[in-house]
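# Descriptive analysis of the structure
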Amino acid sequence: MERVIEPAVLEDRVSDSETKGLWVFGYGSLCWKPGFEFHKAVLGSVNGFQRRFWQGNATHRGTTDKPGRVATLVDDSEGKVYGVAFAISEEAAIPYLNHRECEQGGYIQKFTDFYSLEGGTIKVLVYMAAPSNIHWLGDSSLEEIADQIVTREGSSGHNVEYLMRLAQFMRRHFPGKHDSHLFEIEEKVLSLIQSREICLKSLMGSGEGCVTYIVRATSRDSSPSQGRRNGEARIETFEHTARVPGKKLRCLNI
């Protein structure tokens with residue numbers, strides 16, 4: 001299944017009129033490669049969880065013999081995880097997500113509250129892994145997790161790409177919201193890549209299917225040096241994300 005969508009506007013607020021309908025929370029690859037059509041994307045967070053690379057992946061970022069490490073949510077009463085809430089705009093999105101996340105990934109569904117950065121709360125559908133699922137790898141030292149990520153690759157690309165694109169997205173859109181687990185693994189992965197003389201660019205893939213975001217400047221990121229007025233749009237960029245010319249971006253399932 002293939003989807004063609006316009007570049008999406010990343011927003012930081014939801015209105016009262018948008019509290020109904022189905023929203024999906026992305027905290028991993030959904031942030032930069034959702035693979036389904038949506039009509040709104042909002043930055044924010046969910047409470048009561050931590051993001052951890054404790055879930056194995058034997059399809060997209062690894063194999064049965066050498067599973068990759070991907071993100072899941074784990075319960076933590078004091079935790080907070082930042083990501084993107086997507087307003088789903090088509091019926092095909094849920095069967096696609098159930099196949100991608102549940103059937104292939106070992107995740108389960110759960111509803112929780114999402115808090116946008118600048119106001120508004122909505123219910124979102126979250127996909128998270130249960131420790132009882134067959135792909136669960138669980139807690140390990142950051143060194144072991146980093147080594148697994150550097151040496152794993154699946155049908156959708158290298159495990160390093162998954163980690164790096166997620167870290168880039170979080171650093172860009174949530175400055176000051178330090179995710180120690182994510183960024184410490186990133187640091188160790190980069191160190192391993194350097195010590196083993198691996199070309200990082202070769203691990204990042206072409207960027208095909210990565211969503212292009214148009215970001216509206218707000219009080220969070222506007223400054224005189226940026227030369228933009230509040231509300232003026234800019235195109236989001238990633239160091240390793242491929243650009244697609246014209247108005248449309250091709251988003252492929254992974």
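Cut-offs applied
- Residues numbered from 1 in each chain as written.
- Predicted model: local features only at pLDDT ≥ 70, side-chain atom pairs only at ≥ 80, totals over all residues.
- Heavy atoms only, no water.
- Buried < 20%, exposed > 50% of the residue type's maximum accessible area, 1.4 Å probe, protein only.
- Helix = DSSP H or I, 4+ residues; strand = E, 2+ residues; numbered from the N terminus.
- Contact = heavy atoms within 4.5 Å.
- Core = buried A, V, L, I, M, F, W, Y, C linked by side-chain atoms within 4.5 Å.
- Axes fitted to C-alpha atoms, helices over the stretch in contact; angles between N-to-C directions.
- Parallel < 35°, antiparallel > 145°, perpendicular 65-115°, else oblique.
- Left-handed = near helix turned anticlockwise from the far one by under 90°.
- Nonpolar A, V, L, I, M, F, W, Y, C, P; charged D, E, K, R; others polar.

It is worth spelling out helix α2 (residues 142-150) at this point. For α2, the full list of buried residues reads Leu-142, Ile-145, Ala-146, Gln-148, Ile-149 and Val-150. Summarising the contacts, the buried residues of α2 are in contact with β4 (38-57), β5 (68-88), β9 (157-158), α3 (159-173) and α4 (180-195).

On to the nonpolar core, then. By size, the foremost hydrophobic cluster in this structure holds 68 residues, and its most contacted members are Tyr-27, Phe-36, Phe-53, Val-124, Phe-169 and Val-189. No other element matches β5, which puts 11 residues into this core. In this view, Val-124 contacts Trp-23, Phe-25, Val-46, Ala-85, Lys-110, Phe-111, Thr-112 and Phe-114; residues no more than four positions away in its chain are not counted.

Looking now at the packing of α3 against α4. At a closest axis distance of 10 Å, the pairing of α3 and α4 adopts a crossing angle of 130°. By the criterion of interaxial angle, the relationship of α3 to α4 is oblique. Classified by chirality, the crossing of α4 by α3 is left-handed. Between α3, through Val-160, Leu-163, Met-164, Leu-166, Ala-167, Met-170 and Arg-171, and α4, the contact on the second element is made entirely by Leu-182, Phe-183, Ile-185, Glu-186, Val-189, Leu-190 and Ile-193.

Here Leu-22 lies in the loop between β2 (8-11) and β3 (23-26). What makes Leu-22 partly exposed here is its relative accessible area of 31%. In this structure, the C-alpha to C-alpha distance between Leu-22 and Lys-123, residues 101 residues apart in sequence, is 8.0 Å. Ignoring anything within four residues of it in the chain, the contact list for Leu-22 reads Phe-86, Ala-87, Ile-88, Ile-94, Phe-111 and Leu-125.

So, on to the packing of α2 against α4. Two numbers describe how α2 lies on α4: the axes approach to 9 Å, and their chain directions differ by 60°. On the basis of their axis angle, the class for α2 and α4 is oblique. As α2 runs across α4, the sense of the crossing is right-handed. Contacts between α2 and α4 involve Leu-142, Glu-143, Ile-145, Ala-146, Asp-147, Ile-149 and Val-150 from the former and His-181, Glu-184, Ile-185, Lys-188, Val-189, Leu-192 and Ile-193 from the latter. A breakdown of the residues in the contact of α2 with α4 according to their chemical character gives 9 nonpolar, 1 polar and 4 charged.

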